[in-house]
Amino acid sequence: MRIGVLALQGAFAEHMSAIERIGAEAPPVRLPDQLDSLDGLVIPGGESTSILTLMKSFGLVQALRERAQAGLPVMGTCAGMICLASEVSGSDMATLALMDITVDRNSFGRQIDSFQTAVSVPALGQEPFPAVFIRAPSISRVGEGVGVMATLPDGVVVGCRQANLIALAFHPEITDDLRLHRYFLSLAMG
Ligand code: GLN
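Owing to the predicted nature of the structure, the values given are computational and were not obtained by experimental measurement. (Residues numbered from 1 in each chain as written. Predicted model: local features only at pLDDT ≥ 70, side-chain atom pairs only at ≥ 80, totals over all residues. Heavy atoms only, no water.)

Side note on the overall build of the protein chain
Phase 1 of the analysis: What the protein chain contains, in helices and strands, is five helices and twelve strands.
Phase 2 of the analysis: Taken against the 2.2 N^0.38 rule, which gives 16 Å for 190 residues, the C-alpha radius of gyration of the protein chain at 15 Å falls within 12% of a compact globule.
Phase 3 of the analysis: Each of the three principal axes of the protein chain carries a C-alpha extent, and together these read 40 × 40 × 30 Å.
Phase 4 of the analysis: Here the protein chain holds 190 residues, and the buried ones make up 51% of them.
Phase 5 of the analysis: Considering only residue pairs separated by 6 or more positions, the protein chain has 65% of its internal contacts joining residues 24 or more positions apart.
Phase 6 of the analysis: Here the protein chain has roughly 8100 Å² of accessible surface; of this, 50% comes from carbon and sulfur atoms. (Helix = DSSP H or I, 4+ residues; strand = E, 2+ residues; numbered from the N terminus. Rg over C-alpha atoms; globule rule 2.2 N^0.38 Å. Buried < 20%, exposed > 50% of the residue type's maximum accessible area, 1.4 Å probe, protein only. Contact = heavy atoms within 4.5 Å. Areas by Shrake-Rupley, 256 points an atom, 1.4 Å probe, with all protein chains shown as cover.)

Quick notes on unusual backbone geometry
Phase 1 of the analysis: Positive phi, normally seen in glycine, also occurs at Asn106, with a value near 45°.
Phase 2 of the analysis: Examined against the element boundaries, Asn106 turns out to sit in the loop between strand S6 (99-104) and strand S7 (114-119).

Some thoughts on the nonpolar core
Phase 1 of the analysis: In this structure, Ile43, Leu64 and Phe170 are the most contacted members of the largest nonpolar core, which totals 68 residues.
Phase 2 of the analysis: With six residues, the top contributor of residues to this core is helix H5 (residues 179-189). (Core = buried A, V, L, I, M, F, W, Y, C linked by side-chain atoms within 4.5 Å.)

Focus: the environment of Leu165
Phase 1 of the analysis: Considering the arrangement of structural elements, one finds Leu165 in strand S12 (residues 165-168).
Phase 2 of the analysis: The buried category is assigned to Leu165, whose relative accessible area is 4%.
Phase 3 of the analysis: Sequence-wise, Leu165 and Val74 are 91 residues apart; in three dimensions their C-alpha atoms are separated by 5.0 Å.
Phase 4 of the analysis: Discounting chain neighbours no more than four positions away, the residues touching Leu165 are Ala68, Leu72, Val74, Leu98, Met99 and Cys160.

Quick look at H5
Phase 1 of the analysis: Of all eleven residues making up H5, eight are buried, and the element is well covered by its neighbours.
Phase 2 of the analysis: Listing the buried residues of H5 in full gives Arg179, Leu180, His181, Tyr183, Phe184, Leu185, Leu187 and Ala188.
Phase 3 of the analysis: The first or second residue beyond H5 is Gly190, which carries a positive phi of 80°.

A few points about the environment of Ser17
Phase 1 of the analysis: Along the chain, the position of Ser17 falls in helix H1 (residues 12-21).
Phase 2 of the analysis: With relative accessibility at 31%, the residue Ser17 sits in the partly exposed group.
Phase 3 of the analysis: Here the alpha-carbon distance between Ser17 and Ser57, two residues 40 residues apart in the chain, equals 26 Å.

Some points on the site of the ligand
Phase 1 of the analysis: Around the ligand, a shell composed of Gly45, Gly46, Glu47, Ser48, Cys78, Ala79, Ile82, Arg105, Asn106, Ile134, Arg135 and His171 is seen.
Phase 2 of the analysis: At a separation of 2.7 Å, an oxygen atom of the ligand approaches a polar side-chain atom of Ser48.
Phase 3 of the analysis: Note that a nitrogen atom of the ligand is positioned 3.0 Å from one of the side-chain N or O atoms of Asn106.
Phase 4 of the analysis: Burial of the ligand by the protein chains amounts to 96% of its free accessible area of 300 Å².
Phase 5 of the analysis: Per-class residue counts for the shell around the ligand are four nonpolar, five polar and three charged. (Near = heavy atom within 4 Å. Polar contact = N/O pair within 3.5 Å; in protein donor to acceptor, adjacent residues only side chain to side chain. Nonpolar A, V, L, I, M, F, W, Y, C, P; charged D, E, K, R; others polar.)

Take a look at the structure:
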């Protein structure tokens, strides 16, 4: 299996290592034709405005939208989730607009740069996921056809799935818990 990782900016190396640890290939993706041979794609965390600007200059926006709409599994984490969202609260930021969700950037305040907490992810079973949040967004609206995947103890939505697309507000690639990468790999295996 080949799970590409968008390698323009941000935490792509950590995702590549996580994917390799679960036994799949993880080629870096920077150009549209590199999307052709993939079974799935990860859009990493980083800075969403930079990632989107770079995607435009590399001609990736339309190509990626077409592949995702044709069924290519895509998992966006943190800034990657913002790229997938159809709407960013209080902003007219041009995203890929592939998932019917509204996200709030820097949702946990600027003072709290990062924190780790147990998140409930029923699709993975009873054991909570140790989620690391770094200047993280949250999901404030989930459209029809979008399922909630992960929530904080107070009910705030921090992960969801819409068919072949997964959006996570946190960074699953920087913990040793690879269950979410395995979940995505099994989605890509169909
Ligand atoms: N705050 C960043 C953004 O808005 C996301 C942070 C991250 O990906 N860790 O793009």
